[in-house]
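The lines below spell out each chain.
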Amino acid sequence: MDAARVHAELTLEALWLRYAALTGSGDLFDVDGYLAGLMPWETGQQDVLALALNEALADGYRAHRVDYCSPTTSAPGGSRDRWATAPPSVTDARPGT
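From a predicted model like this one, the values you see are computed outputs, not experimental measurements. (Residues numbered from 1 in each chain as written. Predicted model: local features only at pLDDT ≥ 70, side-chain atom pairs only at ≥ 80, totals over all residues. Heavy atoms only, no water.)

1. Let's talk about helix α3 (residues 28-35)
Quick note on the threshold: Per-residue accessibility, obtained with a 1.4 Å probe over protein chains only, is compared with the maximum for each type, and a residue is labelled buried under 20%, exposed over 50%, and partly exposed between these values. Going along the chain from the N terminus, every DSSP run of H or I of four or more residues is numbered as a helix, and every run of E of two or more is numbered as a strand. Each polar contact in these results corresponds to two N or O atoms within 3.5 Å; when the atoms are within protein, one needs to be able to donate a hydrogen and the other to accept it, and residues that are neighboring in sequence are counted only if both atoms are side-chain atoms.
Buried within α3 are the following residues: Val31, Gly33, Tyr34 and Leu35. The N-capping residue of α3, defined by a side-chain oxygen 3.1 Å from the backbone nitrogen of Phe29, is Asp27. Count one or two residues on from α3 and you reach Gly37, which has phi positive near 75°.

What follows is the structure, encoded as structure tokens:
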């Protein structure tokens, strides 16, 4: 998990804030000790920490998305996402149109 923290470019304190916001009950020293492999942790707290890390990684990924040039349905926040609507299927076409 510490490798994921580094990849997400999170300080220990920033990770702990995310973890605590998701109802994590450990303190900063607990998170630090667990990430350093110095102490075991209950499965539920590991899952909350994993969720905090996964959300941080997803936030970083979305921040580097590339907008499309063609006009399409706007996604929340004003960015355009070509895949927001499904393309018409072949069965939607009417004969003679």
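2. Considerations on the packing of aromatic side chains
Short version of the rule: Two rings from Phe, Tyr or Trp (for Trp, the six-membered ring) form a pair when their centres sit within 6.5 Å of each other. Planes less than 30 degrees apart are called stacked, planes more than 60 degrees apart edge-to-face, and all others tilted.
Tallying each qualifying case throughout the model produces 2 aromatic pairs. Relative to Trp41, the ring of Tyr19 lies with its centre 5.4 Å away and its plane at 35°, an arrangement referred to as tilted. Separated by 22 residues along the polypeptide, Tyr19 in helix α2 (residues 12-21) and Trp41 in the loop between α3 and α4 (43-63) bring together distant segments of the chain. The exposure classification of Tyr19 matches that of Trp41, with both residues buried. Plain terms: the ring middles of Tyr34 and Trp41 are 5.1 Å apart, the flat faces sit at 35° to each other, and that makes the pair tilted. Overall, the relative accessible area of 13% leaves Trp41 in the buried class. Members of the aromatic cluster, each reached through a chain of ring pairs, are Tyr19, Tyr34 and Trp41.

3. Here's the deal with the confidence of the model for the protein chain
Note the threshold: Per-residue confidence from the predictor is reported as pLDDT, a score between 0 and 100. Residue contacts are defined here by distance: any two heavy atoms, one from each residue, within 4.5 Å place the two residues in contact.
Mean pLDDT over the protein chain stands at 79; residues scoring 70 or higher make up 67%. A low-confidence stretch, residues 79-95 (pLDDT under 50), is modelled with 20 contacts involving residues beyond four sequence positions or located in other chains.

4. Remarks on unusual backbone geometry
You will see that Glu9, though not glycine, has its phi angle at about 60°, which is positive. A relative accessible area of 73% means that Glu9 is categorised as exposed. Positioned with a positive phi, Thr23 is a non-glycine residue whose angle comes to about 75°.

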